[in-house]
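Here is what each chain is made of, one letter per residue.
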Amino acid sequence: KGAVGMCTVQKDYMQGRRKAGKPLTSSEQAERDPLQGKVLDSSGKKVLDRGIFKEFKICRQCNQVMVWRKAWERCWDGVQFCSDKCRAEGKRAA
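Conventions used here
- Residues numbered from 1 in each chain as written.
- Predicted model: local features only at pLDDT ≥ 70, side-chain atom pairs only at ≥ 80, totals over all residues.
- Heavy atoms only, no water.
- pLDDT = per-residue confidence, 0-100.
- Helix = DSSP H or I, 4+ residues; strand = E, 2+ residues; numbered from the N terminus.
- Contact = heavy atoms within 4.5 Å.
- Pairing = 2+ DSSP bridges.
- Axes fitted to C-alpha atoms, helices over the stretch in contact; angles between N-to-C directions.
- Core = buried A, V, L, I, M, F, W, Y, C linked by side-chain atoms within 4.5 Å.
- Buried < 20%, exposed > 50% of the residue type's maximum accessible area, 1.4 Å probe, protein only.
- Patch = residues over 30% accessible without salt bridge, like charges linked within 9 Å, V, L, I, M, F, W, Y side chains within 5 Å.
- Areas by Shrake-Rupley, 256 points an atom, 1.4 Å probe, with all protein chains shown as cover.
- Salt bridge = Lys/Arg side-chain N within 4 Å of Asp/Glu carboxyl O.
- Phe/Tyr/Trp six-rings, centres within 6.5 Å; stacked < 30°, edge-to-face > 60°.
- Lys NZ or Arg CZ within 6 Å of the ring centre and 35° of its normal.
- 1 Å grid on protein atoms, 1.4 Å probe; cavity = no way out; pocket = protein on both sides within 12 Å on 5 of 7 lines; lining within 4 Å.
- Points joined across faces, edges and corners; volume = space filled by probe spheres on them.

The next subject is the confidence of the model for the chain. This prediction gives the chain a mean pLDDT of 75; 65% of its residues lie at or above 70. Here helix α1 (residues 8–19) stands out as the least confident element of the chain, with mean pLDDT 50; strand β2 (residues 52–58) is the most confident, with 91. In this model residues 1–6 is a low-confidence stretch, pLDDT under 50, and it forms five contacts with partners more than four residues away in sequence or in other chains.

Below you can see the structure in the form of structure tokens.
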């Protein structure tokens, strides 16, 4: 029997996540829209993050949205990857 209080959609989703332990292929990542479900400002250059519109970029490796952070203030133009893991995988793939 399933967990108490979970609808069938939630159970199917959780079972699918458990079975699918593989990461997305590069073609699947390219097909997925990284801005799906995000709120953009009128110019389309900023995304809503914690109630404030901030600049964003798309990670070259995992195709996820990276939102501007204070730590990246000086080097925002050079930011290409969202994490050290993506940077290492990007170097390995190149």
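Take the sheet that holds strand β3 (residues 65–67) next. By way of backbone hydrogen bonds, the strands of a sheet pair with one another, either parallel or antiparallel. Across the sheet, which stays open at both edges, the three strands sit in the order β1-β2-β3 with antiparallel pairing between neighbours. Strands at the two margins of the open sheet, each flanked by one partner only, are β1 (46–49) and β3. Sheet twist, expressed as the mean angle between neighbouring strand axes with direction ignored, is 55°. Note: β1 against β2, four bridges, orientation antiparallel. Residue pairing across strands places Val 47 opposite Lys 54, the latter belonging to β2.

A word on the nonpolar core. Nonpolar side chains in soluble globular proteins generally cluster together in the buried interior. Core analysis: the biggest nonpolar cluster contains seven residues, these being Cys 59, Cys 62, Met 66, Trp 76, Val 79, Phe 81 and Cys 86. Leaving out residues up to four positions away in the same chain, Cys 59 has contacts with Gln 64, Met 66, Gln 80, Phe 81, Cys 82 and Cys 86.

Taken together, Val 39, Leu 48 and Phe 53 make up a surface patch of nonpolar side chains, about 240 Å² in accessible area. Relative to the assigned elements, Val 39 resides in the loop between α2 (26–31) and β1.

Taken as a whole and judged by the stated rule, the model has one aromatic pair. Geometry around Trp 76 places Lys 57 over its ring, the cationic atom sitting 4.9 Å from the centre.

Evaluation of the coordinates by the stated rule reveals four salt bridges. The salt bridge partner of Lys 54 is Asp 49, with a shortest N-O separation of 3.4 Å. The exposure classification of Lys 54 matches that of Asp 49, with both residues buried. The salt bridge involving Asp 49 is made with Arg 69; its shortest N-O contact spans 2.9 Å.

Roughly 190 Å³ of volume is contained in the second largest pocket. Along its surface, the second largest pocket is lined by 12 residues, and Pro 34, Gln 36, Lys 38, Gln 64 and Val 65 are the ones closest to its centre. When contributions to the lining of the second largest pocket are tallied by element, the ones reaching two or more residues are β1 and β3.

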